[in-house]
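As a plain string of letters, each chain reads:
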Amino acid sequence: QQKVQQSPESLIVPEGAMTSLNCTFSDSASQYFAWYRQHSGKAPKALMSIFSNGEKEEGRFTIHLNKASLHFSLHIRDSQPSDSALYLCAVSMPSNTNKVVFGTGTRLQVLP
Amino acid sequence: GPKVLQIPSHQIIDMGQMVTLNCDPVSNHLYFYWYKQILGQQMEFLVNFYNGKVMEKSKLFKDQFSVERPDGSYFTLKIQPTALEDSAVYFCASSLPGRGQLYFGEGSKLTVL
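Residues numbered from 1 in each chain as written. Chains lettered and ligands numbered in written order. Predicted model: local features only at pLDDT ≥ 70, side-chain atom pairs only at ≥ 80, totals over all residues. Heavy atoms only, no water.

A. Region of interest: the overall build of chain A. Counting its regular elements, chain A contains 0 helices and 11 strands. By the compact-globule yardstick of 13 Å for 112 residues, chain A fits well, its C-alpha radius of gyration being 14 Å. In terms of its C-alpha atoms, chain A occupies a principal-axis envelope of roughly 45 × 30 × 20 Å. The buried share of chain A, taken over its 112 residues, is 46%. Here the analysis covers contacts within chain A between residues at least 6 apart in sequence; of these, 54% occur between residues at least 24 apart. When the accessible surface of chain A is split by element, carbon and sulfur atoms take 49% of a total near 5100 Å². Seen as two clouds, the 10 positive and the 8 negative side-chain charges of chain A have centres 9 Å apart. (Helix = DSSP H or I, 4+ residues; strand = E, 2+ residues; numbered from the N terminus. Rg over C-alpha atoms; globule rule 2.2 N^0.38 Å. Buried < 20%, exposed > 50% of the residue type's maximum accessible area, 1.4 Å probe, protein only. Contact = heavy atoms within 4.5 Å. Areas by Shrake-Rupley, 256 points an atom, 1.4 Å probe, with all protein chains shown as cover. Lys, Arg positive; Asp, Glu negative; His and termini not counted. Charge placed at Lys NZ, Arg CZ, Asp CG, Glu CD.)

B. The arrangement of the state of the cysteines in detail. Residue and element names in this part refer to chain A. Under the counting rule described, the total for this entry stands at 2 disulfides over all chains. Paired through a disulfide, cysteine 23 and cysteine 89 show a sulfur-sulfur distance of 2.0 Å. Because the torsion about its S-S bond is 60°, the bridge between cysteine 23 and cysteine 89 counts as right-handed. Pair noted here: cysteine 23 is in strand β3 (residues 19–25) and cysteine 89 is in strand β9 (residues 85–92), with a separation of 66 residues, a long-range link. Note on accessibility: cysteine 23 and cysteine 89 belong to one class, buried. (Disulfide = S-S within 2.5 Å.)

C. Representation of the sheet that holds strand β1 (residues 5–7) of chain B within the structure. Residues and elements named next belong to chain B. Taken in spatial order, the 4 strands of this open sheet run β1-β3-β8-β7, and their pairing is antiparallel. Of all the strands in the sheet, just β1 and β7 (65–68) have a single pairing partner and so form its edges. Neighbour-to-neighbour, the strand axes of the sheet open up by a mean angle of 15°, direction not taken into account. In the sheet, β1 pairs with strand β3 (residues 19–24) via 3 bridges, with the strands oriented antiparallel. Bridging across to β3, glutamine 6 finds its partner in cysteine 23. (Pairing = 2+ DSSP bridges. Axes fitted to C-alpha atoms, helices over the stretch in contact; angles between N-to-C directions.)

D. Representation of the pairing of β3 of chain A in the model. Residue and element names in this part refer to chain A. Alternating residues of β3 divide into Thr19, Leu21, Cys23 and Phe25, all buried, and Ser20, Asn22 and Thr24, none buried. The pairing of strand β1 (residues 4–7) with β3 spans 4 bridges and is classified as antiparallel. Across the sheet, glutamine 5 pairs through a bridge with threonine 24, a residue of β3. Both β3 and strand β8 (residues 71–76) contribute to a ladder of 6 bridges, which runs antiparallel. Directly across from threonine 19, in β8, lies its bridge partner isoleucine 76.

Put into structure tokens, the structure is as follows:
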């Protein structure tokens with residue numbers, strides 16, 4: 001069964017810092033890797049996704065995937081107080097059921 | 001962006017009663033999901049649904065749970081009977097086939113007394 005773990009559990013950084021969030025998964029045949037952000041009491045919203053090994057940058061956000069290491073990460077450049085939220089990584093199951101499993105979550109607080 | 005609507009936003013019921021949570025997914029989406037989140041922590045997969053049938057369900061999807069989407073209307077999660085441990089926020093999501101991104105509703109907070 002696919003296991004998706006995140007680290008750290010929580011993180012406090014000053015405004016302007018670089019933030020790095022990590023996600024490990026257990027099945028190298030997984031096909032879809034994404035980060036979602038959830039502000040308190042709100043719906044999770046997709047930030048970025050990647051399907052193959054490598055790196056992808058969109059604005060202040062960069063996602064990096066290494067399937068062989070069963071690891072992907074999210075890096076936030078110039079972190080802002082508005083980035084404070086619960087970050088959830090998501091991995092699709094390598095099957096034809098379209099199941100998407102979420103990680104344990106990292107709670108980020110960016111101090112002004 | 002695309003919107004998923006969930007009704008009700010909050011429901012309080014007594015243990016043993018039945019509850020139905022409703023989801024209006026994005027109009028052209030074909031995959032539908034229910035997730036359970038307790039205390040703002042991990043989003044736990046319950047079930048997904050495609051073309052009128054359950055594709056996969058987790059161990060959390062107990063026998064008391066059922067899902068359906070009658071005639072293209074709301075995608076519903078029914079719990080009958082409810083238990084105290086069913087108290088949580090239930091999120092509905094939808095997606096297109098082959099496109100991983102899920103679009104979530106704002107959640108239905110269920111409190112079982």
